[in-house]
Structure formats: structure tokens, C-alpha cells
Amino acid sequence: MKRTLIGLLSCAAVLPLALPAATDSGEYAIRGAGLIDCRTYLDEQQKQSKAYLMIGGWIDGYITGINQYSKDTYDATSFESTELFAELIKNHCEKNPDDRLFPVVNSIIHQRWASRITEKTPMVGIELGEQRVRIYRETLSRIQKRLAEKGHYELPATGEFDVGTITAIAAFQETLDGYKPTGFPDQATLWALFAE
């Protein structure tokens, strides 16, 4: 008998733990959207269903839990939005339709673990034309340092979004196929910048 998505969202399973918590043997229950398979995820994403929105909420809640219970972690994601996670999951799921959502999300977080925000840092509001984003000052400083490593930025890494940063981001975007040199630190640009 085929389980419905709602049924899957209310089940629990036991998997090995990657963070120091859970039972003495490292087991813990997974609840909610983490139990659904990639095939279901892709179907719900395609439909932009209420279940898909619930999955986004589950991802945010899972990251919040990691932030709360992981040592030296203010935010496990330094710039990655829920929408970027959705695209990364989609890319994985298209190749692995039988995988469960929880290990996919967990893997993405662990791949980026070294770049997490370890201490509270202010948010900076960025507006460029009609584009807007809020980003950690620490992340802006890291962007400036990374752009300097790539030869696009020569000023001190202040964590301020200024003309030099806009120019450097635009110069980096010009090196990427299919990118417009807007100077805006969008998710795709930042993913490409920190990919190596």
C-alpha cells in the first residue's frame, strides 16, 4: 500500500547521527519532511504544493536545530538561502530519486560546515537596483577576501557593501558563463565564488 505524503511527513525513522547528541549509540528519530524520498520531493517542487512549502519550513527548522545544539555555531549557513537549498536538493534528487530528504540536506550542511558562522555577527541590508538581500557582515568580509584571492578586490575586507565590493563582484561575474555582471551578491554568484 502506497504511503501518502502526509503519512510520510508524520512518520519517524532511525539513522546514525553526525552531530554529538541523540542516544548513547548515536541513534535518533527523524520526523517530518526528512522522511520523504527525492522522487516525492521533485513532484511536490514541480507542483509548488503546500507540501513543498512545508518542506522548506522543515529545512529551516532543521538548520535552526543545528544552530541551537552545535558547538561554535551561530548559523550553519553563512549565506545559503532556503531557495538555494531547494535547488541543491533538486540537483541531487534528479540523479538519486530513491534517496531520502534528510541525508541529502544533512550532507549539504556538512559539506559547507567549515564556512558556518561561529559567532553572532550583524546583518547588512543590501539594495542594488530592485534586488535586496540581508547578509551577515562576516560573510561580506569573506566575500571580499575571496574576491581578493581571485584578483578582483584590492581594498581591506571591512564587511561593508561598498562600490569596491560591487565592482569586484561584477568583475567576478564576468568570468562566469551565463552571468550578468550586476555586482549583486545573489545566491548563484556566492555559490560559484565559494565553490572551490
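Before any of the text, the structure's been laid out above.
Residues numbered from 1 in each chain as written. Predicted model: local features only at pLDDT ≥ 70, side-chain atom pairs only at ≥ 80, totals over all residues. Heavy atoms only, no water.

Enquirer: Would you explain the nonpolar core in this entry?
Expert: Tyr 41, Ile 89, Leu 101, Val 105, Ile 109 and Ile 143 are the most contacted members of the largest nonpolar core, which has 45 residues in total. Each residue touching Val 105, except ones within four places of it in the same chain, is listed here: Trp 58, Ile 59, Tyr 62, Phe 85 and Ile 89. (Core = buried A, V, L, I, M, F, W, Y, C linked by side-chain atoms within 4.5 Å. Buried < 20%, exposed > 50% of the residue type's maximum accessible area, 1.4 Å probe, protein only. Contact = heavy atoms within 4.5 Å.)

Enquirer: Any chance you could explain the pattern of salt bridges here in plain terms?
Expert: Oppositely charged side chains may form a pair once their charged atoms are brought near each other. Counted according to the given criterion, the structure contains eight salt bridges. For Glu 149, the salt bridge goes to Arg 146, with nearest N and O atoms at 2.9 Å. Here Glu 149 and its partner Arg 146 are both found in helix α6 (residues 137-149), three residues apart, which amounts to about one turn of the helix. We classify Glu 149 as exposed; its relative accessible area is 58%. (Salt bridge = Lys/Arg side-chain N within 4 Å of Asp/Glu carboxyl O. Helix = DSSP H or I, 4+ residues; strand = E, 2+ residues; numbered from the N terminus.)

Enquirer: Help me out: how do you make sense of the packing of helix α3 (residues 50-69) against helix α5 (residues 101-111) in this one?
Expert: Each pair of packed helices can be summarised by the angle the axes make with each other and by the distance between the axes. Here α3 crosses α5 at 50°, and the two axes come no closer than 12 Å. Judged by the inter-axis angle, α3 sits oblique to α5. In the packing of α3 onto α5, the handedness of the crossing is right-handed. Contacts from Ile 55, Trp 58, Ile 59, Tyr 62, Ile 63 and Ile 66 of α3 reach α5 at Leu 101, Phe 102, Val 105, Asn 106 and Ile 109. For the contact of α3 with α5, the class distribution of residues is 10 nonpolar, one polar and no charged. (Axes fitted to C-alpha atoms, helices over the stretch in contact; angles between N-to-C directions. Parallel < 35°, antiparallel > 145°, perpendicular 65-115°, else oblique. Left-handed = near helix turned anticlockwise from the far one by under 90°. Nonpolar A, V, L, I, M, F, W, Y, C, P; charged D, E, K, R; others polar.)

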